[in-house]
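Structural characterization, general
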Amino acid sequence: MVGSTIYKFENELSAIVATLETLGYDVISSYAGTVKVNPHLSNLDNCIKAVGECDLFLGIIRPFYGTGNIGEKNITFEEMKEAVRLNKPYWFMAHRDVTFCRQLQRKLVTPIDFNFKKKDDNKYFFDARTLEIYDFAIKSYEKDVANRTGNWVQEFYRLDEILKYIITQFEDTDRIEQIIKEGGNNDIE
């Protein structure tokens, strides 16, 4: 499953889904229309159910918190938390702007509000809540840095960087099958 981060990322999602399909995967993606929708469930519940049905999860953290916000919950973030909770094998990627703002925020003496909005628009072009998603993905809450596992988050800026990472991770299907058999442990060589 590819996480449901969509806004201003449609071309990249098309390429990600196509690449994974070329590698032989059946991809679950809300953008691609391959989430099995129960009309009696909310969008959030349908996406969470899809995480339960997938074998692997690819989460993408971008500067946008998304349009899939239901109250205080964000669909993309809830999908990521569900994949981790279910011990699904998961891979996370983060846009360079997210990693840059996190490093900048950590180095500042006086924290600043990173919720930047466009001049004549009420929409964020960077939403600080994405830093919470990034901290979750790298497991910053675990203090024993040396023994953390499952906290690799690949930084990207361009589509070619995304696709290179995806091909590197997923082209060896025997390795992926072994990871699935091991029950979600991303630490297998």
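Residues numbered from 1 in each chain as written. Predicted model: local features only at pLDDT ≥ 70, side-chain atom pairs only at ≥ 80, totals over all residues. Heavy atoms only, no water.

1. A closer look at the packing of aromatic side chains
- For the structure on display, the rule yields six aromatic pairs.
- Residues F57 and F92 carry aromatic rings whose centres are separated by 6.5 Å and whose planes lie at 75° to one another, so their mutual orientation is edge-to-face. On the criterion of sequence distance, the pair formed by F57 in strand β1 (residues 57-61) and F92 in strand β4 (residues 90-95) is long-range, its members being 35 residues apart. Of the two residues, F57 and F92, neither departs from the other in class, the shared state being buried.
- Three or more aromatic residues joined by ring pairs form one cluster here, namely Y25, W91 and F170.
- The ring of Y157 has R96 sitting right over it, with the charged end atom 3.7 Å from the ring centre. (Phe/Tyr/Trp six-rings, centres within 6.5 Å; stacked < 30°, edge-to-face > 60°. Helix = DSSP H or I, 4+ residues; strand = E, 2+ residues; numbered from the N terminus. Buried < 20%, exposed > 50% of the residue type's maximum accessible area, 1.4 Å probe, protein only. Lys NZ or Arg CZ within 6 Å of the ring centre and 35° of its normal.)

2. What to know about the packing of helix α4 (residues 96-107) against helix α5 (residues 129-137)
- α5 packs onto α4 with a crossing angle of 90° between their chain directions and a minimal axis gap of 10 Å. Relative to α5, the element α4 is oriented roughly perpendicular. When α4 is examined against α5, the residues V98, T99, C101, R102 and Q105 are found in contact with a partner set consisting of T130, L131, Y134 and D135.
- Looking at the contact of α4 with α5, its residues break down into four nonpolar, three polar and two charged. (Axes fitted to C-alpha atoms, helices over the stretch in contact; angles between N-to-C directions. Parallel < 35°, antiparallel > 145°, perpendicular 65-115°, else oblique. Contact = heavy atoms within 4.5 Å. Nonpolar A, V, L, I, M, F, W, Y, C, P; charged D, E, K, R; others polar.)

3. Concerning the nonpolar core
- Counting residues in hydrophobic clusters, the biggest one holds 24 residues, and the most contacted among them are M1, F57, I61, M80, F92, Y134 and V153.
- Secondary structure elements with two or more residues in this core: α2 (43-53), β1, α3 (75-85), β4, α4 and α5.
- Per-element accounting of this core gives the leading share, five residues, to α5.
- Counting 22 residues, the second-largest nonpolar core is a separate cluster that includes V2, V17, Y25 and M93. (Core = buried A, V, L, I, M, F, W, Y, C linked by side-chain atoms within 4.5 Å.)

4. With respect to the side chain of R62
- As for its placement among the helices and strands, R62 is situated in the loop between β1 and β2 (69-70).
- Notably, R62 is buried but unbridged: the nearest opposite-charge side chain belongs to E12, and the N-O separation is 6.7 Å.
- There is a polar contact of 2.9 Å between the side chain of R62 and the side chain of T5.
- When sequence neighbours within four positions are dropped, the list of residues in contact with R62 reads T5, I6, Y7, K8, F9, H95, V98, T130 and F156. (Lys, Arg positive; Asp, Glu negative; His and termini not counted. Salt bridge = Lys/Arg side-chain N within 4 Å of Asp/Glu carboxyl O. Polar contact = N/O pair within 3.5 Å; in protein donor to acceptor, adjacent residues only side chain to side chain.)

5. Some remarks on the side chain of R148
- Mapped onto the secondary structure, R148 falls in the loop between α5 and β7 (153-156).
- Among buried Asp, Glu, Lys and Arg side chains, R148 stands out as unpaired, with E142 the closest opposite charge at 4.8 Å.
- Among residues more than four places away in sequence, those in contact with R148 are I138, K139, S140 and E142.

6. A few points about a negative patch on the surface
- Among the surface-exposed residues, E171, D172, D174 and E177 lie close enough to one another that they form a single negatively charged patch.
- You can see D174 is positioned in helix α7 (residues 173-181).
- In this structure D174 comes out as exposed when scored by relative accessible area, which is 57%. (Patch = residues over 30% accessible without salt bridge, like charges linked within 9 Å, V, L, I, M, F, W, Y side chains within 5 Å. Areas by Shrake-Rupley, 256 points an atom, 1.4 Å probe, with all protein chains shown as cover. Charge placed at Lys NZ, Arg CZ, Asp CG, Glu CD.)

7. Notes on the pattern of salt bridges
- Counted according to the given criterion, the structure contains six salt bridges.
- In this structure, K81 and E78 form a salt bridge, with 2.9 Å as the shortest nitrogen-oxygen distance. With K81 and E78 both in helix α3, this residue pair falls three residues apart, about one helical turn.
- Residue class for K81 comes out partly exposed when judged on its relative accessible area of 30%.
- The exposure class of E78 is buried, given its relative accessible area of 15%.
- The salt bridge partner of R158 is E161, with a shortest N-O separation of 3.5 Å.

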